[in-house]
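Structure assessment
One letter stands for each residue in the lines below.
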Amino acid sequence: MSKVTRFAPSPTGTLHIGGVRTALFNFIYARQHNGKFLIRVEDTDLERSTKEFEKNILDNLNLLSLSPDEMPVRQSERTELYLKAAETIINKGKGYYCECSQERLQALREKQQAKGMKPSYDGKCRNLALDKGPGRVLRLKTPREGEIVFHDMVRGEMIFQNSELDDLILLRSDHTPTYHLCNVVDDFEQGVTTVIRGEDHLSNTPRQIHIQNALGYSSLEYAHLPLVLGKDKKRLSKRDSATSLDEYLALGYLPSAILNMLARLGWSKGDQEIFYLSDLIDNFRIQEVQKAGAIFDLAKLNWINGQHLARLELSDFLDHLEPFCNALNIKITNKTNYHAIVTAMRSSSDTLDGLAHDLLPYFNGVQGYDSKALDKFLQDTSILFTIRSKLESHEDWTEAELDKLLAAIQSELGLSTPQINQPIRIALTGGTKSPSLGLTLSLFNKSEALERIDALITFLG
Ligand code: GLU
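Read on for a plain summary of the structure. On a predicted model such as this, the values are computed, not experimentally measured, just so you know.

1. A few points about the overall build of the protein
Along the backbone of the protein there are 19 helices and twelve strands. For 461 residues, the compact-globule estimate of 2.2 N^0.38 gives 23 Å, and the protein exceeds it by more than 25% at 31 Å. Its C-alpha atoms put the protein at 100 × 50 × 35 Å along the principal axes. Each of the 461 residues in the protein was classed as buried or not, and the buried ones make up 49%. Expressed as a percentage of contacts within the protein between residues at least 6 apart in sequence, the contacts between residues at least 24 apart total 75%.

2. Considering the site of the ligand
Every residue close to the ligand is listed here: Arg6, Ala8, Pro9, Ser10, Glu42, Tyr179, Asn183, Arg197 and His201. Compared with its free state, where it exposes 300 Å², the ligand has 80% of that area covered by protein. Looking at the shell around the ligand residue by residue, the class counts come to three nonpolar, three polar and three charged.

3. Focus: the packing of helix α12 (residues 338-345) against helix α13 (residues 352-364)
Each pair of packed helices can be described by the angle between their axes along with the distance between the axes. Two numbers describe how α12 lies on α13: the axes approach to 11 Å, and their chain directions differ by 135 degrees. Between α12 and α13, the interaxial angle falls into the category oblique. Relative to α13, the crossing made by α12 is right-handed. Contacts between α12 and α13 involve Tyr338, Ile341, Val342 and Met345 from the first element and Leu355, Asp358, Leu359, Tyr362 and Phe363 from the second. Among the residues forming the contact of α12 with α13, the class breakdown is eight nonpolar, no polar and one charged.

4. Overview of the pattern of salt bridges
In total, this model carries 30 salt bridges according to the counting rule given. Its salt-bridge partner being Glu54, residue Lys51 comes within 3.6 Å of it at the nearest N-O pair. Residue Lys51 and its partner Glu54 are located together in helix α2 (residues 51-63), separated by three residues, close to a single helical turn. Notably, a salt bridge pairs Asp167 with Arg126, separated by 3.0 Å at the nearest N-O pair. Taken together, the positions of Asp167 in the loop between β7 (156-161) and β8 (169-171) and Arg126 in the loop between α4 (102-114) and β5 (137-140) put the pair 41 residues apart, joining distant regions of the chain. The exposure class assigned to Arg126 is buried, which follows from its relative accessible area of 13%. Counted as one network, the salt bridges with shared partners bring together Arg6, Arg40, Glu42, Arg78, Asp186 and Asp187.

5. A word on the pairing of strand β1 (residues 4-7)
Alternating residues of β1 divide into Val4 and Arg6 and Thr5 and Phe7, and every residue in both groups is buried. Handedness of the crossover joining β1 and strand β2 (residues 36-41) through helix α1 (residues 17-32) is recorded here as right-handed.

6. Observations concerning the state of the cysteines
Following the criterion strictly, the structure yields zero disulfides and no others. Cysteine Cys98 is unpaired, with the sulfur of Cys100 as its nearest cysteine sulfur at 3.8 Å. Note on Cys100: relative accessible area 13%, which makes it buried.

7. Section: the sheet that holds β5
With antiparallel pairing, three strands are arranged side by side in an open sheet as β4-β5-β8. The two strands at the open ends of the sheet, each matched to only one other strand, are β4 (95-98) and β8. The average angle at which neighbouring strand axes cross in this sheet is 40 degrees, direction not considered. Relative to β8, β5 is paired through two bridges, and the arrangement is antiparallel. What sits directly across from Arg139, in β8, is Ile169. Together, β4, β5 and β8 form the strand contacts of helix α3 (residues 79-91), whose direction differs from that of β4 by roughly 100 degrees.

8. Thoughts on the environment of His210
Inspection of the secondary structure puts His210 in helix α6 (residues 204-215). Along the backbone, His210 and Ile420 are 210 residues apart, and their C-alpha atoms lie at a distance of 76 Å. Not counting residues within four places of it along the chain, the set of residues in contact with His210 comprises Leu140, Thr142, Pro143, Ile148, Asn162 and Leu165.

9. Looking at the side chain of Asn26
Residue placement: Asn26 occurs in helix α1. Asn26 gets classed as buried once you look at its relative accessible area, which sits at 0%. Excluding residues within four positions of it along the chain, Asn26 makes contact with Thr5, Arg6, Phe37, Thr194 and Ile196.

10. A word on unusual backbone geometry
The phi dihedral of Lys233 is positive, around 65 degrees, even though this residue is not glycine. For Lys233, the location among the structural elements is in the loop between β11 (228-229) and α7 (245-251). Judged by its relative accessible area of 60%, Lys233 falls in the exposed class. Even without being glycine, Asn329 reaches a positive phi, approximately 60 degrees. When you line up the elements, Asn329 lands in the loop between α11 (314-327) and α12.

11. Regarding the environment of Asp186
Here Asp186 shows up in helix α5 (residues 179-189). On the accessibility criterion, Asp186 (0% relative accessible area) is buried. In sequence terms Asp186 and Glu70 are 116 residues apart; their C-alpha atoms lie 14 Å from each other.

12. Topic: the nonpolar core
Membership of the largest hydrophobic core comes to 97 residues, with the highest contact counts inside it found for Leu24, Phe25, Leu66, Ile286, Leu359, Leu391 and Leu441. The element contributing the most residues to this core is α1, with nine residues. Membership of the second largest hydrophobic core comes to 27 residues, among which are Ala85, Leu140, Ile211 and Leu215.

What counts, and at which threshold
- The numbering scheme is per chain: residues are counted from 1 as the chain's sequence reads.
- The predicted origin of the model limits local features to residues at a pLDDT of at least 70 and limits the giving and counting of side-chain atom pairs to 80 or more, whereas totals for whole chains, interfaces and linings rest on all residues.
- In computing side-chain properties, one takes all heavy atoms of the structure into account and sets aside hydrogens as well as water.
- Counting from the N terminus, the helices are the DSSP runs of H or I reaching at least four residues and the strands are the DSSP runs of E reaching at least two.
- For the radius of gyration, the atoms used are the C-alpha atoms, and the globule rule reads 2.2 Å times the number of residues raised to 0.38.
- Working definition: with a 1.4 Å probe on protein chains only, accessible area under 20% of the residue-type maximum means buried, over 50% means exposed, and in between means partly exposed.
- When checking whether two residues touch, look at their non-hydrogen atoms; a contact exists if any pair is within 4.5 Å.
- When at least one non-hydrogen atom of a residue lies within 4 Å of a molecule or strand, that residue is treated as near it.
- The method behind every accessible area is Shrake-Rupley, applied with a 1.4 Å probe, and residues are considered shielded solely by the protein chains displayed.
- Gly is placed with the polar residues, together with every amino acid not listed as nonpolar (Ala, Val, Leu, Ile, Met, Phe, Trp, Tyr, Cys and Pro) or charged (Asp, Glu, Lys and Arg).
- Note on geometry: axes are lines fitted to C-alpha atoms, helical ones only across the stretch in contact, with angles between N-to-C directions running from 0 to 180 degrees.
- Angles below 35 degrees are treated as roughly parallel, those above 145 as roughly antiparallel, those between 65 and 115 as roughly perpendicular, and all remaining angles as oblique.
- Should the near helix be turned anticlockwise from the far one by less than a right angle, the crossing is left-handed, and should it be turned clockwise, the crossing is right-handed.
- Any carboxyl oxygen of Asp or Glu within 4 Å of a side-chain nitrogen of Lys or Arg constitutes a salt bridge here.
- By convention, orient the strands away from the viewer: a clockwise path from the first strand over the helix to the second makes the crossover right-handed.
- Counting rule for disulfides: a pair of cysteine sulfur atoms within 2.5 Å.
- Any two strands between which DSSP finds at least two bridges are classified as paired.
- The criterion is simple. A nonpolar core is a set of buried Ala, Val, Leu, Ile, Met, Phe, Trp, Tyr and Cys residues joined through side-chain atoms within 4.5 Å.

Below, the structure written as structure tokens:
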């Protein structure tokens, strides 16, 4: 049977990494069931919702290839539907107006809390048959006995006692619809069959099922996803690492790698680590997601990103790299051998931003010398003179021949590889991290390499 899923973000912030995971699983499930993936913007909290956040969320979903199959809908534009549903509930005798004042409810809450009870509405107006009137809220007549049982695709059978639930407010005293009513009506109106969302919504589900029942809607499938946790096993927060997708994109994590990492949180398939969206559609099973919260591991994301970067064709790699180079004022096409440089350097960092920084000395000159490296390898500068003169008289400026030359110098002087190589690396790049030295030298032309050695000699006085 074909399924309809939805991602229902509240535009009160930029797209959160946990939200990306929810959207991803909804997208995959729809694709696996020949169905549709929809987006509903839950923007009823007018004070906290903004158009900018909505745009950020929708644009980023497109960027991640998680585009919806229909135009997104906005709750703020659908009030009529919710009011009509509220009327149906009244007409069916499944709801009632309540005139209890804030003061009464507050006093009731305090009394219940003092007795160690969970605060809940006591149903004072439940059988008064009050009419709609100013200041009155509409409540759902929640069954007092019995239970709500549903199967959760991640958590198995879930049972909630009705006695634990009170009579939920559906229309506020200003007669605006509440979150639960909008959510249920929209799932019905959008033809949703399957709700995949964070487990922070688990306790909402029995309440929402009661609203569905009151409206005579058919039941939905559910999967409540474990939360994405930080290292401290608490909900991932800014304390642990970035939480907004934008921050990861700005550091140069590829969309495909972010999706791969998020799918692997709490789900695995044998020892396979690398999954593209199409692999996930073939292999991922929502029922296999673990119930326990999944810890977000930045080291793992770095590794996965490195793998995704390594698998890109050079031309795609260059396209992805371009904005990061632009941000650092690197114009890579200024060097005719930029393909060779990027090819030699592309695995130097797990992120595109890291790589762009690593490319700076190749395109924009040495940015400064690593002082620790100078202390360690250049106490005695005579090695720079020795190697410089050997390089100057060397004609064949290719990686293989340069490697041979360096090996010959090393055995002639009886020094270790780092003693020979690191001073030159420092001269060429400012630091001690670069591809093999023959290759690094070959990425510069001879005159440029000699100039950089001279510059370091001058710098060291
Ligand atoms: N708007 C809710 C949220 O952003 C999602 C509600 C739902 O998926 O049912 O957490």
